[in-house]
Amino acid sequence: MPLEKHFEPQVPQGGRLPAFDAPADPSRLPASMPIRTACRIVRQMVAELILLFGDRLMLRRDRRRCACHARQIAMYVCHVSLQIPMRDIGHAFGRDRTTVGHACHVVEDRRDDAAFDDFVSAIERIATAVLGLSEVLSHD
């Protein structure tokens, strides 16, 4: 078929795919994506999911707190799921690395609640899928 040649994997001259030759480098995102862009994508996903599944009354009553929680969850997901160093996350969000550490502790403490844990787990899975990181590569 004429379309088959367009869907064949591009294998370099060595005969092996480069993504599987070297161990995963946790400080690099796929396709040379800048860290700031990855953090911005995760932050927007968290904000959209909070608007979709969050309590509407709480959103109207305390927008600043909601924005803070969304930022904390995004920082946590960037650090835990995407394995971005806290210093780089802090720079991407315009905060200090200690603020990122505090956000990770806050989110980790809140994960005792089953509903919140499910919410954060869903965001982690979505972020991993959207940014093209496979669990096989991230756990080598």
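What counts, and at which threshold
Residues numbered from 1 in each chain as written. Predicted model: local features only at pLDDT ≥ 70, side-chain atom pairs only at ≥ 80, totals over all residues. Heavy atoms only, no water. Buried < 20%, exposed > 50% of the residue type's maximum accessible area, 1.4 Å probe, protein only. Helix = DSSP H or I, 4+ residues; strand = E, 2+ residues; numbered from the N terminus. Contact = heavy atoms within 4.5 Å. Phe/Tyr/Trp six-rings, centres within 6.5 Å; stacked < 30°, edge-to-face > 60°. Lys NZ or Arg CZ within 6 Å of the ring centre and 35° of its normal. Salt bridge = Lys/Arg side-chain N within 4 Å of Asp/Glu carboxyl O. Disulfide = S-S within 2.5 Å. pLDDT = per-residue confidence, 0-100. Axes fitted to C-alpha atoms, helices over the stretch in contact; angles between N-to-C directions. Parallel < 35°, antiparallel > 145°, perpendicular 65-115°, else oblique. Nonpolar A, V, L, I, M, F, W, Y, C, P; charged D, E, K, R; others polar. Left-handed = near helix turned anticlockwise from the far one by under 90°.

1. Focus on helix α6 (residues 86-93)
In step 1: For α6, the full list of buried residues reads Asp88, Ile89, Gly90, Ala92 and Phe93.
In step 2: At its buried positions, α6 is contacted by α3 (35-53), α5 (63-80) and α7 (97-110).

2. A closer look at the packing of aromatic side chains
In step 1: Under the criterion given, the structure shown has 0 aromatic pairs.
In step 2: Its guanidinium or amino end placed over the ring of Phe116, Arg110 lies 4.1 Å from that ring's centre, counting from NZ or CZ.

3. Points about the pattern of salt bridges
In step 1: This structure, assessed with the given rule, holds 3 salt bridges.
In step 2: Between Arg111 and Glu124 there is a salt bridge whose closest N-O contact spans 3.2 Å. On the criterion of sequence distance, the pair formed by Arg111 in the loop between α7 and α8 (114-130) and Glu124 in helix α8 is long-range, its members being 13 residues apart. Accessibility classification places Arg111 together with Glu124 in one group, the buried group.
In step 3: Among the charged side chains, a network of salt bridges with common partners joins Arg111, Asp117 and Glu124.

4. Structural notes on unusual backbone geometry
In step 1: Positive phi values are uncommon outside glycine, yet Gln83 reaches one of about 55 degrees.
In step 2: Inspection of the secondary structure assignment puts Gln83 in the loop between α5 and α6.

5. Examining the state of the cysteines
In step 1: Applying the stated rule across the entire model yields 0 disulfides.
In step 2: A disulfide-free cysteine, Cys78 has its sulfur positioned 3.6 Å from the sulfur of Cys39, the nearest such atom.
In step 3: The thiol of Cys104 is not disulfide-bonded; the next cysteine sulfur, from Cys78, is found 9.3 Å away.

6. So, the confidence of the model for the chain
In step 1: Per-residue confidence for the chain averages 75 on the pLDDT scale, and 65% of its residues sit at or above 70.
In step 2: Within the chain, the lowest mean pLDDT, 36, falls on helix α2 (residues 18-21), and the highest, 95, falls on α7.
In step 3: With pLDDT under 50 throughout, residues 134-140 is counted as low confidence; its partners more than four residues away or in other chains account for 4 contacts.

7. A word on the packing of α6 against α7
In step 1: Packing of α6 against α7 brings their axes to within 7 Å, and their N-to-C directions diverge by 100 degrees. Classed by the angle they form, the pair α6 and α7 counts as roughly perpendicular. Side by side, α6 and α7 meet where Met86, Arg87, Ile89 and Gly90 of the first sit next to Arg97, Val100, Gly101 and Cys104 of the second.
In step 2: In terms of residue class, the contact of α6 with α7 is built from 4 nonpolar, 2 polar and 2 charged.

8. Some words on the packing of α5 against α8
In step 1: Across the interface, α5 lies against α8 with an axial gap of 10 Å and an inter-helix angle of 55 degrees. Comparing their axes, α8 and α5 come out oblique. In the crossing of α5 with α8, the sense of the turn from one axis to the other is right-handed. Contact with α5, carried on its side by Ile73, Tyr76, Val77 and Val80, involves Phe116, Phe119, Val120, Ile123, Glu124 and Ala127 of α8 and no other residues of that element.

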